[in-house]
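# Structural features, examined
Spelled out from the first residue to the last, the chains are:
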There are 2 protein chains.
Amino acid sequence: MSNKYVYLFEEGTGNMREILGGKGANLAEMTSLGMPVPPGFTVSTDACTRYYDDGERIDKEIEAEIFEYLSKLEKITGKKLGDGTAPLLVSVRSGARVSMPGMMDTILNLGINDTVAGAMIQLTGAPRFVYDSYRRFIQMYSDVVTGLPKSNFESYIAMVKDRRGVTNDSELTADDMKELVSLFKDFYSGNTRNTFPDDPKEQLIESVKAVFRSWNNPRAIAYRRMNDIPSYWGTAVTVQSMVFGNMGDDSGTGVAFTRDPATGEKRLYGEFLMNAQGEDVVAGIRTPQTIDQLKTISPEVYKEFAATAAKLELHYKDMQDMEFTIERGKFYMLQTRNGKRTAPAALKVAVDLVGEGMCTKQEALLKIEPKQLDSLIHPGFDPVALKKSIPAATGLAASPGAACGAVYFNPDDAKRAAKNGPVVLVRSETSPEDIEGMAAAEGILTATGGRTSHAAVVARGMGICCVVGCSALRINKTERSMTVGNQKVMQGEFISLDGSTGNVYIGSIPTVEAVVGGYFATIMEWADEIRALRVRTNADTPRDAATALKFGAEGIGLTRTEHMFFDADRIPVMREMIISENTEQRQRALEKLLSMQRSDFEGIFRVMQGRPVTIRLLDPPLHEFLPTADDDIADLADEMGVSFKRLKSTVRSLHEANPMMGYRGCRLSVTYPEIAMMQARAIIEAAISVKRETNCDIIPEIMIPLVCEARELKYVADTVREVADIVIKDSKTQLKYLVGTMIEVPRAALTADEIAKEAEFFSFGTNDLSQLTYAFSRDDSGKFLPYYFEKNLFENDPFEHLDQKGVGKLMDIACKLARMTRSDIHLGICGESGGDPVSIEFCHRIGLSYVSCSPYRVPIARLAAAQSQIKYGTFKAHLYDRNLL
Amino acid sequence: MSNKYVYLFEEGTGNMREILGGKGANLAEMTSLGMPVPPGFTVSTDACTRYYDDGERIDKEIEAEIFEYLSKLEKITGKKLGDGTAPLLVSVRSGARVSMPGMMDTILNLGINDTVAGAMIQLTGAPRFVYDSYRRFIQMYSDVVTGLPKSNFESYIAMVKDRRGVTNDSELTADDMKELVSLFKDFYSGNTRNTFPDDPKEQLIESVKAVFRSWNNPRAIAYRRMNDIPSYWGTAVTVQSMVFGNMGDDSGTGVAFTRDPATGEKRLYGEFLMNAQGEDVVAGIRTPQTIDQLKTISPEVYKEFAATAAKLELHYKDMQDMEFTIERGKFYMLQTRNGKRTAPAALKVAVDLVGEGMCTKQEALLKIEPKQLDSLIHPGFDPVALKKSIPAATGLAASPGAACGAVYFNPDDAKRAAKNGPVVLVRSETSPEDIEGMAAAEGILTATGGRTSHAAVVARGMGICCVVGCSALRINKTERSMTVGNQKVMQGEFISLDGSTGNVYIGSIPTVEAVVGGYFATIMEWADEIRALRVRTNADTPRDAATALKFGAEGIGLTRTEHMFFDADRIPVMREMIISENTEQRQRALEKLLSMQRSDFEGIFRVMQGRPVTIRLLDPPLHEFLPTADDDIADLADEMGVSFKRLKSTVRSLHEANPMMGYRGCRLSVTYPEIAMMQARAIIEAAISVKRETNCDIIPEIMIPLVCEARELKYVADTVREVADIVIKDSKTQLKYLVGTMIEVPRAALTADEIAKEAEFFSFGTNDLSQLTYAFSRDDSGKFLPYYFEKNLFENDPFEHLDQKGVGKLMDIACKLARMTRSDIHLGICGESGGDPVSIEFCHRIGLSYVSCSPYRVPIARLAAAQSQIKYGTFKAHLYDRNLL
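The structure reproduced in this document is the subject of the present report. Values in this document were obtained by computation on a predicted structure and should not be read as measured data.

Residue and element names in this part refer to chain B. An order of β1-β2-β7-β5-β6 is seen for the five strands of this open sheet, with the pairing classed as antiparallel. Only two strands of the sheet have a single partner each, and these edge strands are β1 (6-8) and β6 (106-110). Neighbour-to-neighbour, the strand axes of this sheet turn through a mean angle of 20°, independent of strand direction. Note that strand β5 (residues 90-95) and β6 share three bridges and pair antiparallel. The residue bridging Arg-93 from the neighbouring strand is Thr-106, located in β6. Contacts from helix α3 (residues 60-77) reach β1, β2 (40-43), β5 and β7 (236-241), with the element oriented near 10° to β1.

Put into structure tokens, the structure is as follows:
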């Protein structure tokens with residue numbers, strides 16, 4: 001960490017986002033490109049880290065440096081903070097390495113007090129503007145620095161409007177605004193027992209602190225968790241001289257993209273409001289004009305903006321999301337960043353940029369967030385049903401896709417209800433606090449706001465269907481209902497949203513599979529050309545396998561055989577096997593299961609046409625196949641023709657204190673080898689029969705679960721191989737097969753050199769491996785994990801993203817040890833994190849051969865695999881000093 | 001592995017026990033010392049390993065090498081295997097690196113067939129001897145090679161004796177023996193469908209194979225598991241030309257020690273039988289004469305034996321256990337090895353050897369098996385009660401100590417019953433098959449056999465009280481009872497054994513603590529001088545702490561605070577806390593617990609007088625404090641004055657699928673910091689008050705359990721430190737305290753570098769760490785572990801001995817990572833393996849600072865720690881390449 005904590009825009013570059021944050025770095029870059037950026041400086045992320053290290057206080061040394069740079073800024077602008085003649089006003093904004101829109105705090109108009117207000121009236125002759133700015137500052141400062149709720153201030157405004165008999169803020173006079181300033185200050189001192197700070201330097205330091213603090217506010221923590229942003233990064237703070245979009249009708253402010261963020265079409269796309277400050281546009285309170293209308297209103301400004309936009313896109317080689325302000329006719333750039341976009345737009349932009357010669361395929365692929373593909377491959381509305389449906393209302397199409405779910409009116413309810421079924425979150429407008437409820441919803445509907453409002457931006461980022469600005473919508477919070485026209489929908493009733501048209505329907509509309517072609521196909525093709533990591537799927541049925549194939553799966557990484565046993569026609573036979581009192585009875589039941597399993601496997605082999613198929617032997621504890629309640633046991637006993645007592649005693653004998661760590665996996669095969677033998681026979685017989693039938697070269701991979709010791713694996717593997725070899729010999733055909741194991745027990749990873757002697761392949765079962773490495777029972781961790789997130793003790797749910805530090809270290813150790821024994825060992829992953837882009841990157845880096853994920857995640861995995869290759873190059877296995885492992 | 005698999009005795013030395021086994025190496029050494037050893041050769045342990053690697057067959061090349069050495073032996077002896085004039089007879093014996101008495105198989109008199117028998121009669125003129133040898137060979141060969149039960153042969157002998165109207169074997173004539181040979185051969189061919197092999201070379205190869213096979217017989221596997229002998233060692237096979245102790249009254253055989261194995265007294269101690277083979281002495285069928293009587297019977301031989309014994313003891317610097325044979329007046333040494341001895345003998349011999357200048361303190365300490373100390377420090381009979389008790393019978397005092405337990409007559413019953421209480425195993429005589437039942441028993445009583453019989457040797461080795469040769473004893477197996485004189489004892493009734501006097505009492509006699517002084521104190525003093533590893537104790541009460549101090553504990557490594565909460569007067573308050581509906585109610589309950597905990601800790605600090613005391617914060621899941629059955633819940637609800645519904649709902653909400661990996665340990669402190677705060681306050685207040693009272697410098701060590709992530713630890717540690725600092729400040733005294741953590745979750749070990757930032761000490765909780773590393777729930781593993789032992793998939797119960805390969809690797813990684821962050825971090829272990837000598841050795845090697853074990857294991861740990869220091873020297877921490885961890 002350097003000793004420099006503050007940088008003028010002139011001192012920075014676009015590469016310094018780690019120190020300056022995205023916003024600071026881009027402002028520095030635009031400054032160096034000679035664009036009209038109001039001058040300012042950035043307090044670095046290092047200062048934020050110091051702030052936390054020092055126990056949430058700003059060191060004197062850093063404070064001095066901030067004031068030193070303030071002086072420099074004053075010199076550049078020729079204005080002075082708190083000055084009675086040429087006062088400087090600044091904005092104070094957060095800026096992390098990556099954009100976290102709306103998650104942290106911003107304060108505008110800082111530096112204002114009674115003296116400054118007087119001077120500003122002198123300078124502008126616009127007392128209403130000055131007092132409007134003043135009251136906005138008090139409002140923001142009170143909210144951000146002291147946490148006084150915004151709504152209290154809003155109720156004062158409502159009170160004054162009421163008294164004056166007007167409905168819009170714009171109808172309030174300078175005197176009204178002045179009165180509000182005074183009311184706000186009284187409210188502030190009444191609630192904080194301090195007078196509102198008049199000293200602009202105090203305002204500045206307190207605001208910087210508040211922005212640092214906002215790095216750890218609950219919504220920022222939630223956002224980081226959802227977007228894999230580490231908490232140690234911290235935020236920078238950008239202090240910039242104010243320009244005012246609300247200085248009259250020749251002023252304004254706007255937000256625009258260089259391409260349409262919904263479709264990717266190449267055209268300026270955005271909105272602006274004249275005589276307004278930035279917050280007015282994004283907050284979605286007034287409905288803005290489209291950027292095209294600026295051409296008419298101020299052709300000069302439009303030209304300058306369009307030129308700047310084009311220059312920035314070329315410079316950053318990506319679609320830009322820009323913020324500008326017009327102060328009395330003069331154009332200023334306040335921000336630029338790579339724009340968030342919908343999945344279809346992301347694909348089109350990427351392909352277009354390559355077509356336009358602006359970037360390479362590799363660069364283009366890196367611009368697509370793999371998770372976004374999710375929205376493309378999920379079902380849309382059935383066109384026939386859609387045709388027959390009449391929209392109840394239409395809003396702005398803010399994020400494409402089709403959503404159908406039960407209506408909820410607050411994010412907490414939505415989050416809770418989402419556990420039981422699809423949910424649509426309906427709000428007047430969303431705010432950053434809603435983030436978790438939004439993430440849980442299938443769709444989001446708001447009554448106000450434009451396409452760049454919070455709801456729209458966030459929903460697009462998440463690939464969630466979203467309709468905004470649906471003005472026909474009325475929400476009754478008390479009754480928990482909404483009305484559209486004369487139709488009333490109660491909480492829990494279904495509506496359907498079309499994010500591509502903005503249509504809102506009462507009731508549910510059936511959906512159909514997405515068609516994936518065009519840009520999608522091009523991107524997937526490029527990804528496949530580039531990636532080294534293979535992508536398989538977890539599939540238990542021919543149907544799953546077929547879906548995955550359609551999405552480009554190259555094989556099956558996990559077929560769970562037990563799911564087949566839970567079928568209504570299978571479970572009685574399985575139970576018969578479990579309550580067998582001797583090997584003979586068990587053999588009889590297994591005989592029946594054999595033919596069922598064989599046909600299961602035939603179905604899967606047939607679909608996969610010779611692609612690799614990994615089949616895992618029976619894994620769950622046997623008690624999962626039996627009921628636990630006495631009544632159910634009695635019913636089943638009747639059904640099976642055994643005594644209640646006997647069945648109850650079997651249930652009791654199978655009961656376990658900690659089933660996750662109990663009598664399951666290969667432990668079943670050690671005690672009842674006949675189960676493994678039956679399954680091996682079914683697999684090999686099915687492979688032989690489908691090979692004969694289709695002439696495909698089928699090489700089944702038989703996977704032994706829950707291994708913790710090499711000898712245990714050898715015992716089961718020998719059993720499997722013995723049966724397999726006999727079946728092959730008897731069939732008088734040739735068949736290659738592999739026997740391998742899941743690495744899901746820490747000890748298996750730690751002794752992977754020995755395990756690899758017996759296993760021809762490894763597949764990391766990161767679900768169980770994570771449970772055991774953390775000592776987290778997934779069934780129980782719900783009781784305490786929320787506290788951990790709340791207290792910022794965990795950034796991620798370890799079951800969602802592979803924990804690279806702990807679980808990943810075990811995997812890395814296992815890979816290294818395994819290669820010492822068997823340098824060409826085939827290594828894969830079949831836990832849920834196999835479909836998570838961050839985890840896939842890790843898998844590439846430790847040299848796995850493939851990832852296996854659910855069918856709908858296959859395209860995501862293909863792209864993530866390509867991105868890993870682009871970022872990290874080809875994995876090279878080294879030999880390691882064994883003593884250190 | 002070399003290509004040489006066979007060694008003449010002349011080719012070997014005493015250092016080659018890895019290749020030749022203990023027996024082979026010692027025979028080689030005695031040969032090189034010029035002692036009268038019958039010539040022979042040894043087939044190496046490598047050959048055994050090859051035998052198993054090759055799929056349980058002897059490679060042609062190795063077979064050829066065996067025959068080549070057989071030729072050499074024939075040349076040396078001037079005899080020939082199977083020869084009609086000068087026949088060579090050999091013994092074939094097993095011999096592992098360390099002695100495993102009676103666990104594997106032996107065949108004597110090999111080479112005999114009808115031709116050879118004829119030649120032997122010619123040579124010896126002793127047809128009875130020849131046929132006796134012949135029938136013994138058939139008997140042993142049939143048992144060892146083909147597994148025909150010995151008892152069948154014994155019943156033929158009984159039949160012939162019956163017919164002849166005699167009672168002793170010795171009364172059978174040459175013709176009787178000849179008849180037995182013929183009966184035995186018929187029985188053999190009838191049962192194996194093969195004629196008994198006449199070809200001595202076939203006999204030899206089959207016998208070698210059988211000895212190799214016996215390495216993996218169940219009792220050998222069980223013995224290895226109990227004695228930490230790895231299965232990959234394999235056994236060597238020694239083939240030695242026979243000498244005969246049963247060639248008449250000038251022949252004999254004996255077993256003797258250079259010192260009394262029960263007391264350690266320096267004198268020849270042993271037994272012999274004239275006109276007998278070795279098996280007759282050890283089998284305990286005939287009652288032998290003491291070695292002193294040999295002086296009278298054969299003064300020349302006695303002199304030669306005594307001289308040899310003295311020479312061997314000096315040579316090996318240890319008490320020897322020797323086997324000799326006299327063949328027609330000529331003395332031969334058949335075996336020597338370091339003698340097994342009782343714990344008191346082990347101490348006396350060690351101290352005496354140093355006193356006699358025969359070895360150093362270090363060498364002496366290595367001669368004591370730490371586990372043996374166990375028998376010394378456990379209670380003996382209360383002398384007053386003993387005085388009033390009248391022995392029902394007296395046998396030979398074979399292994400000292402006092403035992404009192406329920407009588408069982410077969411080893412399986414004993415093993416089962418031992419789970420519920422102390423057991424005494426009563427047998428006519430024991431055999432190697434009984435090993436597990438013997439290990440489970442508190443005491444062993446046999447009706448026949450001498451002090452060198454199987455029961456006596458094994459019991460001494462295990463430190464189990466044993467009385468043998470109790471001729472007054474009659475066992476009725478059918479009725480499951482025993483009678484001593486006119487007193488009858490049924491299975492399950494209690495008897496008491498005094499292993500130092502041989503007295504047997506009906507009923508139970510109260511016991512008292514052992515007094516540990518004399519040799520014990522000297523050995524402990526030496527151990528303490530030498531060892532680097534500190535020894536602490538796990539103690540939850542002042543009483544435990546006081547016991548441990550008496551045994552030399554240097555501190556407390558683990559105080560489990562929850563045990564205190566289970567007390568009858570505490571649990572209601574604990575329950576009150578658990579069902580609290582808000583922080584206030586909880587605080588009220590915690591207030592009450594505070595004063596209870598404070599006085600608990602005061603008691604412990606007072607006893608420990610300033611020695612370190614580690615106290616672990618609350619660990620178990622809260623549901624452990626509540627009942628689960630509806631009836632119990634209803635009762636408790638009444639008692640607590642709450643509704644059944646409410647209490648039931650609390651119980652239900654606390655229920656967990658896998659409590660071992662659930663809501664416990666520091667997770668409780670994260671959600672309810674007030675619990676940790678209460679405990680921290682109680683610890684610090686207690687420390688301050690006892691410090692004031694006693695003037696001892698008390699430094700409490702507060703240990704946070706179940707940590708898996710550094711930030712979680714920091715959160716709880718900060719909470720603890722905050723309270724502690726306030727309490728100290730308020731008290732206006734000085735108090736140092738440490739905050740550390742248990743390393744019991746794999747992820748904590750894997751991220752130990754980060755954890756160490758927040759922890760001033762680590763204590764490895766190997767119980768939970770092993771469960772998680774293996775995915776073994778200790779509560780459930782009983783269902784499948786027996787199969788694992790039976791199938792030789794696990795050698796050890798991972799909860800008994802620390803698994804060095806997996807769990808140990810995690811510990812090693814954790815130590816290395818922790819030292820990178822905090823080079824002087826204090827590292828300890830408090831799991832059960834902290835009292836296990838093999839595990840202690842591992843702890844020394846990875847550089848732990850201390851081990852903590854139960855009070856009664858403290859002396860064992862002190863000795864084991866010293867032995868580790870002697871074997872491995874001082875641990876040196878290195879810095880490791882971080883990338884590889």
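Having seen the structure, we can now continue with the description.
Residue and element names in this part refer to chain B. In space, the eight strands of this open sheet follow the order β14-β24-β23-β16-β17-β18-β19-β15, with mixed pairing throughout. With partners counted over all chains shown, the strands left at the sheet margins are β14 (393-394) and β15 (396-399), one partner each. Direction of pairing for strand β18 (residues 443-446) relative to strand β19 (residues 465-468): parallel, over a ladder of three bridges. What sits directly across from Gly-443, in β19, is Cys-465.

Bringing the packing of helix α21 (residues 542-550) of chain A against helix α24 (residues 583-608) of chain A into the picture now. All names here are of chain A. Remark: α21 packs on α24, axes separated minimally by 9 Å, with the N-to-C direction vectors making an angle of 15°. Classified by the angle between their axes, α21 and α24 sit roughly parallel to one another. Crossing of α21 over α24 shows right-handed handedness. Between α21 and α24, the contacting residues are Pro-542, Ala-545, Ala-546 and Leu-549 on the first element and Gly-603, Ile-604, Val-607 and Met-608 on the second. Residues of the contact of α21 with α24, tallied by class, amount to seven nonpolar, one polar and no charged.

Quite often, the size of an interface is put as the accessible area lost when its parts meet. In this complex, chain A contributes 59 residues to the contact, which on the side of chain B involves 59 residues. Between chain A and chain B, the buried area comes to about 5,400 Å², and carbon and sulfur atoms account for 60% of it. The interface formed by chain A and chain B includes four salt bridges. Residues Arg747(A) and Asp803(B) are paired through a salt bridge, measuring 2.7 Å at the closest nitrogen-oxygen approach. At the boundary of chain A and chain B, one finds 38 residue pairs in polar contact (both at pLDDT 80 or more). Taken together, the elements giving at least two residues each to the side of chain A that touches chain B come down to α26 (644-654), α27 (666-671), α29 (710-731), α30 (746-750), α32 (766-774), α33 (785-790) and α34 (807-821) of chain A. Classifying every residue of the side of chain A that touches chain B by side-chain character gives 29 nonpolar, 13 polar and 17 charged.

What counts as what
Residues numbered from 1 in each chain as written. Chains lettered and ligands numbered in written order. Predicted model: local features only at pLDDT ≥ 70, side-chain atom pairs only at ≥ 80, totals over all residues. Heavy atoms only, no water. Pairing = 2+ DSSP bridges. Helix = DSSP H or I, 4+ residues; strand = E, 2+ residues; numbered from the N terminus. Axes fitted to C-alpha atoms, helices over the stretch in contact; angles between N-to-C directions. Contact = heavy atoms within 4.5 Å. Parallel < 35°, antiparallel > 145°, perpendicular 65-115°, else oblique. Left-handed = near helix turned anticlockwise from the far one by under 90°. Nonpolar A, V, L, I, M, F, W, Y, C, P; charged D, E, K, R; others polar. Buried area = accessible area lost by both parts, 1.4 Å probe. Salt bridge = Lys/Arg side-chain N within 4 Å of Asp/Glu carboxyl O. Polar contact = N/O pair within 3.5 Å; in protein donor to acceptor, adjacent residues only side chain to side chain.

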